[in-house]
Amino acid sequence: MNSSVPPLPTARGGVRRKTRHVSARDSSGNAPAAGAKDVIRPGAFPQTLPQNDAVCGIYVHVPFCDGKCPYCDFYSIRGSEERMEQYTERIVKEIKYEAEQSGRTADTLYFGGGTPSLLGAGRLIRIVEAARRGFGLEHAEITVEANPAEDLSDFFREIRAAGVNRLSLGLQSANEKELRLLGRRHTAQQAARCIGQAQNAGFDNLSLDLMLAVQGQTEESLRRSIAFCARAGARHVSAYLLQVEPGTAYFKQKETLDIPDEDEAAALYLLACGELERNGFHQYEISNFAQGGYEGRHNLKYWHDEEYLGFGPAAHSFLNGRRFSKKRSLKAFLQGEMPQEQGKGGDFEEFAMLALRLTEGLTDARCRERFGCPVPQKIKAAAKRYESAGLTVCTQDGFHFTPRGFLVSNQLTAEVLF
Ligand code: SF4
């Protein structure tokens, strides 16, 4: 580690896109600097104490979409009635089995995808009820992701009545041209109608997704998209920088794709952080902003390095200190293929890398709670070196990254921790 402050290089290398889960290989949701783990000496970090092993979160991956957005690398395929029915039956069965095996209760249930709303209210409710029978779900946050579509009034009413209490809508932009260039299949007007339908159905806890640094985006259009979210009554906004991922249609066109460069992307990210704050959404994670009390409880479990069970193809789990993942294949899922083990999770390095995604940062209080000791002095001293450059904020209790620090979080995390 050196004492010089790193330059502010790659915005897209630091702030990343939506986190569905945390894998052991990429436990921060960001890729740590190459070779970073190689320099860790045994005994350099606190030892893990047992977690609260009674309560976990549940993630259900619904792999159906009505088309493929050109930037998307999530596992999704076209759904048919037959496929969705087989999928639902299998999920219900696995939930029953895992609930009996694990003996856990759950206080969050998150339907991600894909487009969970495509499954329809009846099937989603069957899964919610299976999860309730198996895992209790007492006072649980139950989130369903949906894409704005023609008319979701009945869908929203039915799932709300079944106990779903949080919606996450894939708005991405309130600008028609940006939506078209993103290959989205809705307009801003449809999104506004859809938000109204959700609110009429009784959804107060509403999150909207925005994408940053997309084709054609300007500071002004981003400001308008953020104002749209505030006006629409969103309680939470997730704002992710576009990543051009291998295997996507965008990746094939990447030489000709006219998206903002790294400096422009960094400027848009910082603008989003400021504008969201100004509109009443405080930043609590690299890409997540909420009104007070509306932070996403399920995703906070990932960043607090707590345990969760994932169901469905491509779903990841972290249970009893081990990480697992299911194949990205509906066929394998329906055939009951076992998840692949990805190794141990929950050690101090992983815990610290995840904590540094949060504006709460790495604190003595949480470290004590989990490891029985405060943040190691050496790590605090390393963080202090980046404070004058405006990348970290150090307090009595620990430290956290600033929005400028988040822009270089891969490099900064490696410099501070290792
Ligand atoms: S709707 Fe969402 S999950 Fe489906 S292809 Fe588009 S971005 Fe991916």
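Everything in this summary refers to the structure shown in the same document. In this text the structure is predicted, and so the values were computed from the model without any measurement.

This paragraph deals with the overall build of the protein chain. Each helix and strand counted, the protein chain has 16 helices and 15 strands in total. When burial is assessed residue by residue, the protein chain has 48% of its 418 residues classed as buried. Pairs at least 24 residues apart make up 73% of the contacts formed inside the protein chain by residues separated by at least 6 positions.

What follows is about the site of the ligand. Inspection of the region around the ligand gives Cys-65, Lys-68, Cys-69, Cys-72, Phe-74, Ser-76, Gly-113, Gly-114, Thr-115, Asn-147 and Gly-170 as its neighbouring residues. Within the shell around the ligand, the residues separate by chemical class into four nonpolar, six polar and one charged.

The next point concerns the nonpolar core. Formed by 114 residues in total, the largest nonpolar core has its most connected members in Ile-58, Ala-131 and Leu-212. Lining this core are residues from two domains, each supplying at least three of them: domain 1 (11-50 + 346-417) and domain 2 (55-303).

What follows covers the sheet that holds strand 14 (residues 392-394). Reading across from one edge, 13-15-14 is the order of the three strands in this open sheet, with antiparallel pairing throughout. With one partner strand each, in any of the chains shown, strand 13 (362-363) and strand 14 form the two edges of the open sheet.

Across the interface, helix 3 (residues 121-135) lies against helix 4 (residues 153-161) with an axial gap of 9 Å and an inter-helix angle of 15°. In terms of orientation, helix 3 and helix 4 fall into the roughly parallel class. Once helix 3 is placed against helix 4, the crossing between them reads as right-handed. Together, Ala-121, Leu-124 and Ile-125 of helix 3 and Phe-155, Glu-158 and Ile-159 of helix 4 make up the contact between the two elements. For the contact of helix 3 with helix 4, the residue count by class is five nonpolar, no polar and one charged.

With that settled, the discussion passes to helix 13 (residues 364-371). Looking only at helix 13, the buried set comprises Arg-366, Cys-367 and Arg-370. The buried residues of helix 13 occupy an angular sector of 100° when the element is viewed end-on, so they sit on one face. Tucked into the core, helix 13 has its buried residues touching helix 12 (348-355) and strand 13. Of the residues trailing helix 13, Gly-372 is marked for its positive phi of about 80°.

Definitions and limits used
- Residues numbered from 1 in each chain as written.
- Predicted model: local features only at pLDDT ≥ 70, side-chain atom pairs only at ≥ 80, totals over all residues.
- Helix = DSSP H or I, 4+ residues; strand = E, 2+ residues; numbered from the N terminus.
- Buried ≥ 20, exposed ≤ 12 C-beta atoms within 10 Å, placed from the backbone.
- Contact = placed C-beta atoms within 7 Å.
- Near = placed C-beta within 6 Å.
- Nonpolar A, V, L, I, M, F, W, Y, C, P; charged D, E, K, R; others polar.
- Core = buried A, V, L, I, M, F, W, Y, C linked by C-beta atoms within 7 Å.
- Domains from an automatic or database assignment.
- Pairing = 2+ DSSP bridges.
- Axes fitted to C-alpha atoms, helices over the stretch in contact; angles between N-to-C directions.
- Parallel < 35°, antiparallel > 145°, perpendicular 65-115°, else oblique.
- Left-handed = near helix turned anticlockwise from the far one by under 90°.
- Arc of directions from axis to C-beta.

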